[in-house]
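Structure assessment
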Amino acid sequence: MITEAAKRVREARAIAVLTGAGVSAESGVPTFRGEGGLWRQFRAEDLATPGAFARDPRLVWEWYDWRRQKIAACHPNPAHHALAALESQAAEFLLITQNIDDLHRKAGSRRLVELHGNIWRVRCTREATVSALPDVPLREIPPRCGCGALLRPDIVWFGETLPAEALDRAFRAADTCDLFLVVGTSALVQPAASLPLMAKRRGATVIEVNPDPTPISHLVGVSLQGKAGEILPALLGTPPGSP
Ligand code: OAD
């Protein structure tokens, strides 16, 4: 099955890829819903909603500071590198990620849309200006903007809308691609989960890479069961473990 899938990838003119937490699992970044997943240990409504931040910005920032420290120690794995290499092979390409860990960019991906934001960016709650905050650990919790207002993580929380431009690019890519790869996502969170289904309706080949079945596995064309760091280098023809 992987040989046929690899041929489809080689022949594709326009490729869209959707990734989720599973693509970074082999780098050591915790997923959300699997074993040891963040939403099994923490309540999202206490930590990742606008209400939680309004109630207790210190608690929310302590949690993000802990996640930032964890992510800072992680490096891109062969799956990130394979996807970065794929970008230069296709005439049209877009990598759509739900991840906020920046590992795709670290691996060299440039045609990239971050649907859920980025953990290394902050946004002023008064001026809405976005800036980088690389300090690990944070020097001040909660951090403040030069204007005195609180800074918040530039991340999409539950109950918030996704950045319009990122969403627009993602839907356009799903609409026009002839190959859609969906890697390491439980496909439970909308609107990201609807992207591969939209591509399928428009006639694209949809290939899923995941060790476990998901709600969309029976709807995609090809379901490759396994770890992204092993399957993607084999599927995309990059040497395993190559940076
Ligand atoms: P989940 O934790 O829901 O799902 C991770 C998926 O990765 C599961 O389907 C696993 O089977 C799969 N997986 C685990 N290890 C893998 C590996 N080595 N290779 C490939 N796949 C692997 O994470 P997401 O689908 O990304 O949103 O979750 C979507 C959103 O829900 C996240 O972006 C986050 C969360 O709430 C926000 O924070 C806004």
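Residues numbered from 1 in each chain as written. Predicted model: local features only at pLDDT ≥ 70, side-chain atom pairs only at ≥ 80, totals over all residues. Heavy atoms only, no water.

1. Some thoughts on helix H11 (residues 228-236)
What counts here: The rule is simple: take the accessible area with a 1.4 Å probe, protein chains only, and divide by the maximum for that residue type; under 20% is buried, over 50% is exposed, in between is partly exposed. In this text, helices come from DSSP runs of H or I with a minimum length of four residues, and strands from runs of E with a minimum of two, each type numbered from the N-terminal end. The contact rule is simple, with two residues in contact once any of their heavy atoms fall within 4.5 Å.
Judged by how many residues are buried, H11 sits mostly within the fold: 7 of 9 residues are covered. Buried within H11 are the following residues: Ala-228, Gly-229, Ile-231, Leu-232, Pro-233, Leu-235 and Leu-236. Along its buried surface, H11 packs onto helix H1 (2-11), helix H2 (22-25), helix H7 (78-87), strand E7 (179-183), strand E8 (205-209) and strand E9 (222-224). Among the residues trailing H11, Gly-237 stands out with phi positive, at a value near 75°.

2. Considerations on the nonpolar core
We count it as follows: Only buried residues count toward a nonpolar core, which is a set of Ala, Val, Leu, Ile, Met, Phe, Trp, Tyr and Cys residues joined through side-chain atoms within 4.5 Å.
With 27 residues, the main nonpolar core has Leu-181 and Leu-232 as its most contacted residues. Taken together, the elements giving at least two residues each to this core come down to H1, strand E1 (14-19), H7, strand E2 (92-97), E7, E8, E9 and H11. The dominant element in this core, judged by the number of residues it contributes, is H11, at 5 residues. Residues within four places of Leu-232 in sequence aside, it is in contact with Ala-79, Ala-82, Leu-83, Val-183, Val-209 and Gly-237.

3. Notes on the sheet that holds strand E4 (residues 117-124)
Rules: In short, DSSP must find at least two bridges between two strands for them to pair. Axis lines are fitted through C-alpha atoms, for helices just across the contact stretch, and the angle between N-to-C directions can take any value from 0 to 180 degrees.
Reading across the sheet, the 3 strands line up as E5-E4-E6 and stay open at both edges, with antiparallel pairing between neighbours. On the outer flanks of this sheet lie strand E5 (130-132) and strand E6 (151-155), each paired with one strand and no other. Neighbour-to-neighbour, the strand axes of the sheet open up by a mean angle of 45°, direction not taken into account. Relative to E6, E4 runs antiparallel, the two sharing 4 bridges. Note on E6: the bridge partner recorded for Arg-123 is Arg-152. Contacts between helix H6 (residues 57-72) and the sheet are confined to E4 and E6, with E4 contributing the most and set at about 140° to the helix.

4. A short note on the side chain of Thr-97
The line we're drawing: Any pair of N or O atoms that falls within 3.5 Å is considered a polar contact. Within protein, one atom must be able to donate a hydrogen and the other to accept it, and sequence-neighbouring residues count only if both atoms are side-chain atoms.
Locating Thr-97 in the fold gives a position in strand E2. At 2.7 Å, the side chain of Thr-97 and the side chain of Thr-19 are in polar contact. Polar contacts involving the side chain of Thr-97 include one to the main-chain amide nitrogen of Asn-99, which spans 3.0 Å. Among residues more than four places away in sequence, those in contact with Thr-97 are Thr-19, His-104, Leu-112, Val-113, Glu-114, Leu-115 and His-116.

5. Focus: the pattern of salt bridges
Which entries qualify depends on this criterion: When a carboxyl oxygen of Asp or Glu is within 4 Å of a side-chain nitrogen of Lys or Arg, the pair counts as a salt bridge.
A complete count under the given rule lists 15 salt bridges for this structure. Arg-58 is the salt-bridge partner of Glu-62, the closest N and O atoms lying 3.5 Å from each other. Of the two residues, Glu-62 and Arg-58 both sit in helix H6, 4 residues apart, roughly one turn of that helix. Exposure remark for Arg-58: the relative accessible area of 43% places this residue in the partly exposed category. For Arg-121, the salt bridge goes to Glu-114, with nearest N and O atoms at 3.2 Å. Via salt bridges that share partners, Asp-102, Arg-105, Glu-114, Arg-121, Arg-123 and Asp-154 belong to a single interconnected network.

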